[in-house]
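Structural overview for review
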Amino acid sequence: MKVLSWSLALLLCSILLTYVRSQTSPQPDVGDLDGPDAGSENGEEEEYDYKRPEEPVDPCLTKECPKGMECETQEDYTAKCICQTSCPPAYNQRMRVCNNRNETVASLCEMERQNCMCKNKEPGCNGKGSARLKHYGACQYIAECTQDEKDEFPLRIRRWMTVTMFDLAGRGTLGQAGFALARGAIGSDTPWINPTLWKFCDLDVDEDGEINGEELEAITVPMMVIEHCITDFLKDCGGGGGISLAEWGECMGLEKDQVKNVCGDFQRERQAKEAARLAKEAAARGETDEEASPEEPSK
């Protein structure tokens, strides 16, 4: 009986001693289980540079589409202009426009979207073909321009151009060339001359020395409702075609020696803005390409 008691006591002591040793001895590092050569040849831990894979850049970010179209990214990550699939809801009645068929359209966006679909012969076309913008707002009756009203029109339009030019100059949105003309008109006995010349340069966007029908819309569309003679007057002014600087000055009541070509400064300003815009887009593409491409090893 004593032998059994001693044997049991020795067994308990042995178990207790083993437990104590397991708690006091250092534990092996998990990273050391594979030996010192697991990370690298010299036994040092090898560093890994984990990078997220580069995501393709959307090519539509730098793609400009014509009116009525939107950019769509293709499967091969190229940009393609397609007709707009939808337009923002026209909650406000002031968003409505009137086309040259005297049809009221919900918005300018919707009219341009329809023009695109009709031009491309897509199923969404309304079957009436392309339409042009006549004026903003719902279609309404516009009285015919009488001869007396047409004779007085140059005075009214010159007054409007003068007020508009000074207003833009006061806001600081006229540009340096326009501001110089506005400053030169102050205190003049004929303050309408510079505004008349300014407006010709402002409308001649393609800088060909003539104002064509599309460029004239920039002044006829917003003024049609409040100045119903403007379309007929300008149509007669150019003889149904483009309006040259000499024709513009004559129609507006300027003397021949008062008509001067001052569009050079406007053209340089416009070209500088366009060059800055293109440079900004090129820089954005360059940064994108640089980020997407791996760095070249230094020589």
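Below or above, wherever it landed, is the structure these notes cover. (Residues numbered from 1 in each chain as written. Predicted model: local features only at pLDDT ≥ 70, side-chain atom pairs only at ≥ 80, totals over all residues. Heavy atoms only, no water.)

Concerning unusual backbone geometry
For Tyr77, which is not a glycine, the phi torsion comes out positive at approximately 60°. The topology assignment puts Tyr77 in the loop between strand E1 (69-73) and strand E2 (79-83). Under the relative-accessibility criterion, Tyr77 is labelled partly exposed at 46%. Residue Asn102 is not a glycine yet carries a positive backbone phi of 60°. (Helix = DSSP H or I, 4+ residues; strand = E, 2+ residues; numbered from the N terminus. Buried < 20%, exposed > 50% of the residue type's maximum accessible area, 1.4 Å probe, protein only.)

Examining the environment of Pro59
Mapped onto the elements, Pro59 comes out in the loop between helix H1 (2-24) and E1. Placed twelve residues apart in sequence, Pro59 and Cys71 show a C-alpha to C-alpha distance of 8.9 Å. Beyond its immediate sequence surroundings of up to four residues, Pro59 is in contact with Thr73, Tyr77, Thr78 and Ala79. (Contact = heavy atoms within 4.5 Å.)

A word on helix H3 (residues 147-171)
Helix length check: H3, at 25 residues, gives a terminal C-alpha distance of 36 Å against a target of 36 Å (1.5 Å per residue), a fit within 8%. The largest bend in H3 comes to about 40°, at Phe153, with the proline Pro154 one to four residues further on. Against helix H4 (175-185), helix H5 (193-203), helix H6 (213-223), helix H7 (230-237) and helix H8 (245-251) lie the buried residues of H3. Gly172 lies just past H3 and shows a positive phi near 80°. (Expected span 1.5 Å × (residues − 1). Bend = angle between axes of the 7 residues up to and from the residue.)

Overview of the nonpolar core
Among the nonpolar cores identified, the biggest contains 33 residues, and Ile157, Ile211, Ile219, Leu234, Ile243, Trp248 and Met252 are the most heavily contacted of them. The element best represented in this core is H5, accounting for six residues. If we skip the residues at most four places from it in the chain, Ile219 touches Ile157, Trp160, Lys199, Leu203, Ile230 and Leu234. (Core = buried A, V, L, I, M, F, W, Y, C linked by side-chain atoms within 4.5 Å.)

Quick look at the pattern of salt bridges
The final tally for this structure, using the stated rule, is 13 salt bridges. The salt bridge partner of Glu103 is Arg101, with a shortest N-O separation of 3.2 Å. Using a relative accessible area of 24% as the deciding quantity, one classes Glu103 as partly exposed. Assessed through its relative accessible area of 29%, Arg101 is described here as partly exposed. (Salt bridge = Lys/Arg side-chain N within 4 Å of Asp/Glu carboxyl O.)

Digging into the packing of aromatic side chains
Under the defined criterion, the tally for this structure stands at two aromatic pairs. Aromatic pair Phe153 and Phe233: ring centres 4.5 Å apart, planes at 45°, arrangement tilted. Within this pair, whereas Phe153 is found in helix H3, its partner Phe233 is found in helix H7, the two being separated by 80 residues in sequence. Here Phe153 matches Phe233 in class, with each residue buried. Seen in terms of ring centroids, Phe200 and Trp248 are 6.3 Å apart; in terms of plane orientation they differ by 55°. Their pairing is tilted. Remark: Trp248 occurs in helix H8 and Phe200 occurs in helix H5; sequence separation between them is 48 residues. Classification of Trp248 as buried rests on a relative accessible area of 1%. (Phe/Tyr/Trp six-rings, centres within 6.5 Å; stacked < 30°, edge-to-face > 60°.)

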